[in-house]
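Residue-level structural notes
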Amino acid sequence: MSEPLVWLTVFILAIFVGNEVIAKVSSTLHTPLMSGANAIHGVILLGAVLVAGSADTTPVLVVALLAVVLASINMVGGFVVTDRMLQMFSGRRRIAKVDQRPGLPGGDTRELPR
Amino acid sequence: MTTPVWAQLSYLVAAVCFIVALKGLSSPKAARRGNLIGAAGAVLACVTVFFAAEIDHLLPILVAVAVGTVIGAVGAYRVQMTQMPQLVALFNGVGGGAAAIVALVELNKIIAAGSPGPVELAATSFTIMIGTISFAGSVVTFLKLQELMTSRPVVFPGYPLAYGAALLATLAAAVLLVPVATLWLGIVLAVLGLVLGVLLVLPVGGADVPIVISLLNAFTGLAVAASGYVLQNVLLLVAGTLVGAAGTLLTRLMAAAMGRSLFNILFGSLRGGSTLGGGVASDRPVRSAGPADVAILLGYAERVIIVPGYGLAVAQAQHTLKQLVDVLLERGTKVDYAIHPVAGRMPGHMNVLLAEAQVPYEQLKEMDEINPEFKQTDVVLVVGANDVVNPAAETTPSAPIYGMPILKANEAKQVVFLKRSMRPGFAGIENELLFEPTTTLLFGDAKDTLAKLLAAVKAL
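Residues numbered from 1 in each chain as written. Chains lettered and ligands numbered in written order. Predicted model: local features only at pLDDT ≥ 70, side-chain atom pairs only at ≥ 80, totals over all residues. Heavy atoms only, no water.

1. Quick word on the overall build of chain B
If you tally the helices and strands in chain B, you get 17 helices and six strands. Computed over the C-alpha atoms, the radius of gyration of chain B is 25 Å, within 12% of the 23 Å expected from 2.2 N^0.38 for a compact globule of 460 residues. Its C-alpha atoms put chain B at 80 × 50 × 35 Å along the principal axes. For chain B, restricting intrachain contacts to residue pairs at least 6 apart in sequence, the fraction spanning at least 24 positions comes to 78%. Total accessible area on chain B stands at roughly 17,800 Å², and carbon and sulfur atoms take up 65% of it. When the 28 positive and 27 negative side-chain charges of chain B are each reduced to one mean point, those points stand 1 Å apart. (Helix = DSSP H or I, 4+ residues; strand = E, 2+ residues; numbered from the N terminus. Rg over C-alpha atoms; globule rule 2.2 N^0.38 Å. Contact = heavy atoms within 4.5 Å. Areas by Shrake-Rupley, 256 points an atom, 1.4 Å probe, with all protein chains shown as cover. Lys, Arg positive; Asp, Glu negative; His and termini not counted. Charge placed at Lys NZ, Arg CZ, Asp CG, Glu CD.)

Shown next as structure tokens:
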């Protein structure tokens with residue numbers, strides 16, 4: 001298989017994986033999912049580091065370093081903000097369990113939906 | 001520059017981490033762990049690149065990474081949960097900008113090296129175009145959501161013409177860059193991409209902006225994927241494509257949840273005033289009441305459903321609302337929250353905001369689950385929401401929100417709106433439900449009014 005074909009294969013397969021992994025997501029998680037996917041494309045940081053690391057003139061280096069800064073903002077900020085959101089989701093479930101043990105009088109005593 | 005085998009394997013592990021992360025994010029149980037696995041994959045990939053390739057200027061690069069890390073982390077820690085959508089937009093924009101810069105620098109290098117291949121140039125050109133569109137578009141979405149500019153669609157006479165011209169010029173420059181590879185043409189393409197990005201988002205109305213963020217997110221992913229081919233880095237290709245594909249699907253899911261087509265969102269306002277609401281307050285008569293009256297309604301109801309909206313979060317009233325619900329539960333009332341898929345400023349946003357107020361997950365009901373229950377409900381309390389209960393979405397084909405599924409609050413015996421004023425909702429249209437005989441309005445700031453309501457219910 002020629003080299004561009006290998007790349008094309010990887011590309012096409014990745015499209016299917018990307019579609020499959022989120023096909024059944026509930027709308028509750030749309031916001032964290034968008035934010036998480038946003039963090040993942042922060043890997044452009046690798047590209048920025050590669051071009052900055054092979055820069056041979058100062059102007060090129062300066063521009064490439066700008067890309068490094070922007071990409072790290074994307075990657076680090078993206079993962080941190082997603083974690084902050086999800087932390088609340090997990091915190092809520094813990095508190096829900098505590099609330100249920102004493103059994104709220106007349107409150108919601110149904111089974112957990114999931 | 002060939003990547004050593006161990007580094008290739010390391011990139012493969014990172015790619016798997018990203019897939020696991022996305023998979024995890026689609027179920028509430030595994031979401032946080034999934035995100036952490038994704039972050040671990042990212043760290044692994046970054047460490048690998050420093051050891052696998054010959055990197056000069058190590059110190060300035062590390063300083064730049066540190067600067068970006070601090071800015072990103074501080075921004076992410078300090079943001080209010082209500083401002084989450086615009087922060088995501090901003091992060092997405094800088095990612096697109098970084099991809100475009102990387103492609104421009106790489107273009108400069110492959111021209112200097114001589115005899116660049118057409119596929120390589122096409123991928124570079126694509127990255128510059130999509131990266132700059134994503135950057136400029138994201139900045140405009142940020143300005144709209146932060147309300148630094150109007151959230152209504154912005155169009156001017158001759159807009160479609162300017163739009164079409166910018167689109168054609170950008171595509172022409174992108175195609176031309178393959179046979180005529182010069183750095184200047186690359187820079188022209190970048191500028192055209194920026195203009196096109198601005199023009200793409202200006203005519204989008206405020207309520208649709210989050211869907212555009214998701215679309216631009218997918219764009220940035222594809223730009224990163226293309227730069228992966230240019231830099232011969234398979235991880236960039238895989239990660240970028242994952243985000244591109246997942247982002248495209250997510251955009252479609254979000255648009256479906258709002259009952260809108262992507263075409264309508266992007267170009268609807270160019271065809272005339274159809275997505276422009278009046279945006280003016282009505283002076284038709286409504287029935288309003290004080291907190292004491294509403295407290296009696298709530299206190300003696302058997303079944304209450306709360307419909308929270310963005311206004312609740314803006315007033316920072318989630319905690320007071322939770323206290324009110326707790327008191328009602330103690331009195332034996334059955335209370336649930338009805339969460340519209342697009343409550344808040346983007347899908348799932350309201351869940352995050354209520355989670356912050358530690359509202360138990362079990363009390364949150366999704367639209368399909370709760371809609372059949374409105375008929376047996378005594379009181380629906382609408383706090384800071386408007387468009388998601390507007391019956392016009394079902395009855396008025398000319399309404400901009402026509403076709404959007406709504407919460408059927410109009411079927412309940414009583415509806416109480418907590419509102420600051422008669423100003424219409426984000427979509428800018430009047431809500432017929434406000435004028436129904438079963439509807440009562442309680443005017444005032446949400447936090448303030450809820451506190452009064454809480455005190456009144458406690459005193460019953």
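2. Some points on the sheet that holds strand β5 (residues 414-419) of chain B
Residue and element names in this part refer to chain B. With respect to topology, six strands assemble into an open sheet ordered β3-β2-β1-β4-β5-β6, the strand pairing being parallel. The two strands at the open ends of the sheet, each matched to only one other strand, are β3 (364-366) and β6 (439-443). Sheet twist, expressed as the average angle between the axes of neighbouring strands with direction ignored, equals 25 degrees. Relative to β3, strand β2 (residues 334-339) is paired through three bridges, and the arrangement is parallel. Across the sheet, A338 pairs through a bridge with K365, a residue of β3. (Pairing = 2+ DSSP bridges. Axes fitted to C-alpha atoms, helices over the stretch in contact; angles between N-to-C directions.)

3. Focus: the packing of aromatic side chains
Taken as a whole, this structure holds five aromatic pairs over all chains when the rule is applied. Here A:W7 and B:Y229 contribute two aromatic rings whose centre-to-centre distance is 5.4 Å and whose plane-to-plane angle is 85 degrees, an arrangement assigned as edge-to-face. Here the residue A:W7 occupies a position in helix α1 (residues 3-22), and B:Y229 occupies one in helix α8 (residues 209-230), the pair thus bridging two chains. On the basis of relative accessible area, A:W7 is assigned to the buried category, the value being 10%. With centroids separated by 5.9 Å and ring planes inclined at 45 degrees, the aromatic side chains of B:Y163 and B:F267 adopt a geometry described as tilted. Residue B:Y163 is located in helix α6 (residues 159-176), and its partner B:F267 is located in helix α10 (residues 262-267); the two are separated by 104 residues in the primary sequence. Classification of B:Y163 as buried rests on a relative accessible area of 7%. Linked through ring pairs, B:F156, B:Y159, B:Y163, B:F263 and B:F267 together constitute an aromatic cluster. (Phe/Tyr/Trp six-rings, centres within 6.5 Å; stacked < 30°, edge-to-face > 60°. Buried < 20%, exposed > 50% of the residue type's maximum accessible area, 1.4 Å probe, protein only.)

4. Structural notes on α1(A)
All names here are of chain A. Helix length check: α1, at 20 residues, gives a terminal C-alpha distance of 30 Å against a target of 28 Å (1.5 Å per residue), a fit within 8%. The complete set of buried residues in α1 reads W7, A14, G18, V21 and I22. Along the axis of α1, the buried positions cluster into a sector of 75 degrees, meaning they face one direction only. Exposed positions of α1 whose direction lies more than 90 degrees from the buried face are L13, F16 and E20. (Expected span 1.5 Å × (residues − 1). Arc of directions from axis to C-beta.)

5. Here we look at the packing of helix α4 (residues 84-113) of chain B against helix α5 (residues 118-145) of chain B
Two packed helices can be described by the angle between their axes and the distance between those axes. All names here are of chain B. Between α4 and α5, the shortest axis-to-axis distance is 7 Å and the interhelical angle comes to 155 degrees. Here α4 lies roughly antiparallel to α5, going by the angle between them. For α4 against α5, the interelement crossing comes out left-handed. Here the residues of the contact of α4 with α5 sort into 15 nonpolar, twelve polar and one charged. (Parallel < 35°, antiparallel > 145°, perpendicular 65-115°, else oblique. Left-handed = near helix turned anticlockwise from the far one by under 90°. Nonpolar A, V, L, I, M, F, W, Y, C, P; charged D, E, K, R; others polar.)

6. So, a nonpolar patch on the surface
A surface patch of nonpolar side chains, amounting to about 460 Å² of accessible area, comprises B:V5, B:L9, B:L12, B:V16 and B:V20. You can see B:L12 is positioned in helix α1 (residues 5-24). (Patch = residues over 30% accessible without salt bridge, like charges linked within 9 Å, V, L, I, M, F, W, Y side chains within 5 Å. Salt bridge = Lys/Arg side-chain N within 4 Å of Asp/Glu carboxyl O.)

7. Digging into the UniProt feature "transmembrane region" (unreviewed entry) in chain A
Residues and elements named next belong to chain A. Under the present numbering, the feature "transmembrane region" (unreviewed entry) in UniProt falls on residues 6-23, 35-55 and 61-82. Along residues 6-23 the backbone is 94% helical and 0% strand, and the end-to-end C-alpha distance reaches 26 Å. Taken as a whole, residues 61-82 contains 100% helix and 0% strand, while its terminal C-alpha atoms sit 31 Å from one another. (UniProt positions renumbered as here; feature names shortened; annotations may be inferred.)

8. A few points about the nonpolar core
Counting residues in each nonpolar core, the largest one holds 166 residues, and the members touching the most others are B:F18, B:L298, B:I306, B:L324, B:Y337, B:V383 and B:L450. By residue number, the principal contributor to this core is helix α4 (residues 58-100) of chain A, which donates 18 residues. In contact with B:I306, other than residues within four places in its own chain, are B:L321, B:V325, B:V335, B:D336, B:Y337, B:A338, B:L381 and B:V383. Within the second largest apolar cluster, 21 residues are counted, among which are B:V382, B:V389, B:L407 and B:L434. (Core = buried A, V, L, I, M, F, W, Y, C linked by side-chain atoms within 4.5 Å.)

9. What to know about the packing of α6(B) against helix α7 (residues 183-201) of chain B
All names here are of chain B. Viewed as axis vectors pointing N to C, α6 and α7 meet at an angle of 150 degrees, and their least axial separation amounts to 9 Å. One element, α6, and the other, α7, form an angle in the roughly antiparallel class. In this structure, α6 crosses over α7, and the sense of that crossing is left-handed. Contacts between α6 and α7 involve Y159, A162, Y163, A166, L167, A169, T170, A173, A174 and L176 on the former and, on the latter, L185, L189, L192, G193, V195, L196, V198, L199 and L200.

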